[in-house]
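The lines below spell out each chain.
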Amino acid sequence: LRRRLKLRLGSEELANDALQETYLRLKRMGQHSEVSSNPAGYLFRMAINAAADQRQADARYLTGTEVEDLLSVGADTLDPARIVHAKLEVAALEQAMQELSPRQRAILIAARVDDVSQEDLARRFAISVRMVGKELKKALEHCGRRLDRKVTQRFGPGAGKES
């Protein structure tokens, strides 16, 4: 049985663990349980099921590297100074967006948050695609100035250059 399991599972250690678990399961079943007419096949199937259960349980555990990564991320994200800085930036962005015209604000949110194309925005606001681009650029530049950030153009002529 051990040799057959080793061939099937590809590991002597896994085969031994499966046999041990099979023994424990049989012991829990007690003497009154009925085994099929093919006891070797029944035991083999029990051992295969035990190995599958063990693999599934092992897959739930994190590796040491994954634990270290989670711990290091937690240390950085829980830094009180970073939290305060992020909240101040969000408040500054909200204030900058309130200073935009309603159309600029709507275009900026639709283009950058909702990922609406400039063509769709042009149809929505009944303006040209070029005008959508101008409004979006003005809105981004305004927010960039308020947040003291450099704004980089993503599309069109001069893409990738600071604006």
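All residue numbers here refer to positions counted from 1 along the written sequence of the relevant chain. Note on the predicted model: pLDDT of at least 70 is required for a residue's local features to be given, and 80 or more for side-chain atom pairs to be given and counted; whole-chain, interface and lining totals, by contrast, use all residues. Think of the side-chain values as coming from all heavy atoms in the structure, minus any hydrogens and water.

Visitor: Got a minute to help me understand the overall build of the chain in this structure?
Guide: Only DSSP runs of H or I covering at least 4 residues are called helices, and only runs of E covering at least 2 are called strands; the numbering of each starts at the N terminus. The helix and strand tally for the chain stands at eight helices and zero strands. Taken from the N to the C terminus, the helices and strands of the chain come in the order α-α-α-α-α-α-α-α. Relative accessible area decides the class of each residue, using a 1.4 Å probe on protein chains only: under 20% of the type maximum gives buried, over 50% gives exposed, and in between gives partly exposed. Expressed as a percentage of the 163 residues in the chain, the buried residues total 20%. Contacts are assigned to residue pairs that have any heavy atoms within 4.5 Å of one another. Taking the intrachain contacts of the chain between residues at least 6 apart in sequence as the baseline, contacts between residues at least 24 apart amount to 48%. For the chain, the exposed area adds up to about 12,100 Å²; of that, 53% sits on carbon and sulfur atoms. Each accessible area value is a Shrake-Rupley result obtained with a 1.4 Å probe; residue values ignore everything except the protein chains displayed when judging cover.

Visitor: I would appreciate a short explanation of the pattern of salt bridges in the present structure.
Guide: Opposite charge on two side chains permits pairing when their charged atoms draw close. Only one rule defines a salt bridge in this text: a Lys or Arg side-chain nitrogen within 4 Å of an Asp or Glu carboxyl oxygen. Scanning the model with the defined rule gives eight salt bridges in all. Linking R25 and E21 is a salt bridge whose minimum nitrogen-to-oxygen distance equals 3.3 Å. In this pair, R25 and E21 are both assigned in helix 2 (residues 12–29), four residues apart and thus about one turn of the helix distant. The class for E21 is partly exposed, based on a relative accessible area of 26%. Measuring nitrogen to oxygen at the nearest pair gives 2.3 Å for the salt bridge that ties E89 to R149. Separated by 60 residues along the polypeptide, E89 in helix 5 (residues 80–98) and R149 in the segment after helix 8 (129–146) bring together distant segments of the chain. When its relative accessible area of 26% is taken as the criterion, E89 is described as partly exposed. Judged by relative accessible area, which is 47%, R149 ranks as partly exposed.

Visitor: Any chance you could explain unusual backbone geometry here in plain terms?
Guide: Most peptide bonds adopt trans geometry, and most residues besides glycine take a negative phi value. One non-glycine residue, D115, lies in positive phi territory at about 60°. In this fold, D115 is placed in the loop between helix 6 (102–112) and helix 7 (118–125). By relative accessible area, which is 65% here, D115 ends up exposed. Unlike most non-glycine residues, D148 shows phi in positive territory, near 55°. Turning to its location among the elements, D148 is positioned in the segment after helix 8.

Visitor: Any chance you could explain the packing of aromatic side chains here in plain terms?
Guide: Each aromatic ring pair is described using two quantities: the centre-to-centre distance and the angle formed by the ring planes. Here is the rule: rings of Phe, Tyr and Trp (six-membered ring for Trp) pair when centre to centre is within 6.5 Å. Planes less than 30 degrees apart are stacked, more than 60 are edge-to-face, and the remainder are tilted. Considering all chains together, one arrives at zero aromatic pairs under this definition. Lying over the aromatic face of F44, R4 brings its terminal NZ or CZ to 3.8 Å of the ring centre. Two conditions define a charge sitting above a ring: the NZ of Lys or the CZ of Arg must be within 6 Å of the ring centre, and it must be within 35 degrees of the ring normal.

Visitor: Hey, could you run me through the nonpolar core in this one?
Guide: Working definition of a nonpolar core: buried Ala, Val, Leu, Ile, Met, Phe, Trp, Tyr and Cys residues. They are joined through side-chain atoms within 4.5 Å. Core analysis: the largest hydrophobic core is formed by 15 residues, its most contacted members being L100, I107, L108, L121, V132 and C143. Those elements that provide at least two residues to this core are helix 5, helix 6, helix 7 and helix 8. Ignoring any residue separated from it by four or fewer positions in sequence, one finds L121 in contact with I107, A110, A111, V116 and V132. Core analysis: the second largest hydrophobic core is formed by 10 residues, L5, L19, I48 and A51 among them.

Visitor: Quick question: what am I supposed to make of the confidence of the model for the chain here?
Guide: Interpreting fine coordinate detail is not advised for predicted regions of low pLDDT. Here the chain averages 82 in pLDDT, while 82% of its residues score no lower than 70. Scored from 0 to 100, pLDDT reflects the predictor's confidence in each residue. No element of the chain has a lower mean pLDDT than helix 4 (residues 64–77), at 68, and none a higher one than helix 7, at 93. Contacts for the low-pLDDT stretch residues 157–163, under 50 throughout, to residues beyond four places or in other chains number 15 contacts.

Visitor: Quick question: what am I supposed to make of the side chain of Q104 here?
Guide: Counting through the fold element by element, Q104 comes out in helix 6. Judged by its relative accessible area of 12%, Q104 is buried. What qualifies as a polar contact is a pair of N or O atoms within 3.5 Å, subject to a donor-acceptor requirement within protein and to the restriction that residues adjacent in sequence count only when both atoms come from side chains. There is a polar contact of 3.2 Å between the side chain of Q104 and the side chain of E135. Excluding anything up to four places from it in sequence, Q104 contacts E135, K138 and A139.

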